[in-house]
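# Observations on the model geometry
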Amino acid sequence: MFNQQTVIPAISNHMDLKTFLSGPSVYGILMNFQLAQLEGLVRQIKDAGKKAFIHSELIKGLSSDEYGAIYLIQSLKVDGIISSKPKVIETCKKRGVTGIFRFFLKDGISLRQSLEIASKLRPEFIEVLPAYGVHLIDEIKKHTEAKILLGGLIPSKAFAESCIKAGAIAITTSNKDLWP
């Protein structure tokens, strides 16, 4: 998965979508759009031969639960969903769609709780935010076999490269300066 694409664009407006569609990246994440816009946006991505991932909690008007996930999978034929909701990731697994379990590292308690959920959920992918949690990759890998993505607050290409060197398979970013 992700075919060695180490930077996954997070797309939140039409100009960013245009940049993504004309660039070399295959995988992109749609977020901050309205539900009514998704069908056309996903179609544009698919028509360009690219893969559409949706951040289900950052789509205006979409229920960020398993029913919203079913809509994205059945009606829009998305390639993947990012969510912090275990039920959404379970729905993706049942329906053969990539689910990326997202968790936020605010403190040691949030890390411990997220790892407990991940050990039961057994997601294929985990996105950890903020990326400043890069030093915790080894600890996270002790508790899960999931492949790790890092996102949020990635200030530079050098920092992005340090995330990959530390063991992340990719970073997710809305910062176009970091996109390939």
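Summarised in this report is the structure supplied together with it. Predicted model only: the values in this text are computed from it and were never measured.

### Some points on the nonpolar core
With 48 residues, the main nonpolar core has Leu30, Leu38, Phe103 and Leu150 as its most contacted residues. Aside from chain neighbours lying at most four places away, what touches Phe103 is Leu111, Ser114, Leu115, Ile126, Glu127, Val128, Leu129 and Ile140. One finds Phe2, Ile29, Phe53 and Ala170 within the second-largest nonpolar core, a separate group that totals 10 residues.

### A word on the pairing of strand E7 (residues 147-151)
The element E7 is largely enclosed, with a buried count of 4 among its 5 residues. As paired elements, strand E6 (residues 125-129) and E7 share 4 bridges and run parallel to each other. Bridge assignment links Val128 to a residue of E7, and that residue is Leu150. By the bridge criterion, 3 bridges tie E7 to strand E8 (residues 170-173) in an arrangement that is parallel. Its bridge partner lying in E8, Leu150 is registered against Ile171. Traced from E7 through helix H7 (residues 157-165) to E8, the parallel crossover comes out right-handed.

### Focus on the pattern of salt bridges
Using the criterion set out here, one finds 6 salt bridges in the structure. A salt bridge links Arg43 to Glu39; the shortest N-O distance between them is 3.5 Å. Separated by 4 residues within a single helix, Arg43 and Glu39 lie in helix H2 (residues 35-47), roughly one turn from each other. For the salt bridge of Arg102 with Glu127, the shortest nitrogen-to-oxygen distance reads 2.7 Å. Here Arg102 is found in strand E5 (residues 98-104), whereas its partner Glu127 is found in strand E6, with 25 residues between them in sequence.

### Regarding the environment of Gln5
Among the structural elements, Gln5 can be located in the segment before strand E1 (7-11). Sequence separation of Gln5 and Ala170 is 165 residues, and the distance between their C-alpha atoms is 6.9 Å. Residue contacts for Gln5: discarding those within four places in its chain leaves Ser25, Val26, Tyr27, Ile169 and Ala170. Here the side chain of Gln5 touches Val7 through a polar contact of 2.9 Å, landing on its backbone oxygen. Among the polar contacts made by the side chain of Gln5, one reaches the main-chain carbonyl oxygen of Tyr27 at a distance of 2.9 Å.

### Topic: the environment of Ile70
Among the structural elements, Ile70 can be located in helix H3 (residues 66-74). Note: C-alpha distance between Ile70 and Leu35 (35 residues apart in sequence) is 14 Å. Those residues in contact with Ile70, other than ones at most four positions away along the chain, are Ser75, Thr91 and Arg95.

### Quick word on the sheet that holds E1
Here we have 8 strands rolled up into a closed barrel, ordered E1-E2-E3-E4-E5-E6-E7-E8, and parallel in their pairing. Direction aside, neighbouring strands of the sheet carry axes that sit 25 degrees apart on average. Running over the sheet, helix H1 (residues 14-22) touches E1, strand E2 (27-30) and strand E3 (51-55) and is turned about 150 degrees from E1.

Reading the values: rules and limits
Residues numbered from 1 in each chain as written. Predicted model: local features only at pLDDT ≥ 70, side-chain atom pairs only at ≥ 80, totals over all residues. Heavy atoms only, no water. Core = buried A, V, L, I, M, F, W, Y, C linked by side-chain atoms within 4.5 Å. Buried < 20%, exposed > 50% of the residue type's maximum accessible area, 1.4 Å probe, protein only. Contact = heavy atoms within 4.5 Å. Helix = DSSP H or I, 4+ residues; strand = E, 2+ residues; numbered from the N terminus. Pairing = 2+ DSSP bridges. Right-handed = clockwise from strand over helix to strand, strands pointing away. Salt bridge = Lys/Arg side-chain N within 4 Å of Asp/Glu carboxyl O. Polar contact = N/O pair within 3.5 Å; in protein donor to acceptor, adjacent residues only side chain to side chain. Axes fitted to C-alpha atoms, helices over the stretch in contact; angles between N-to-C directions.

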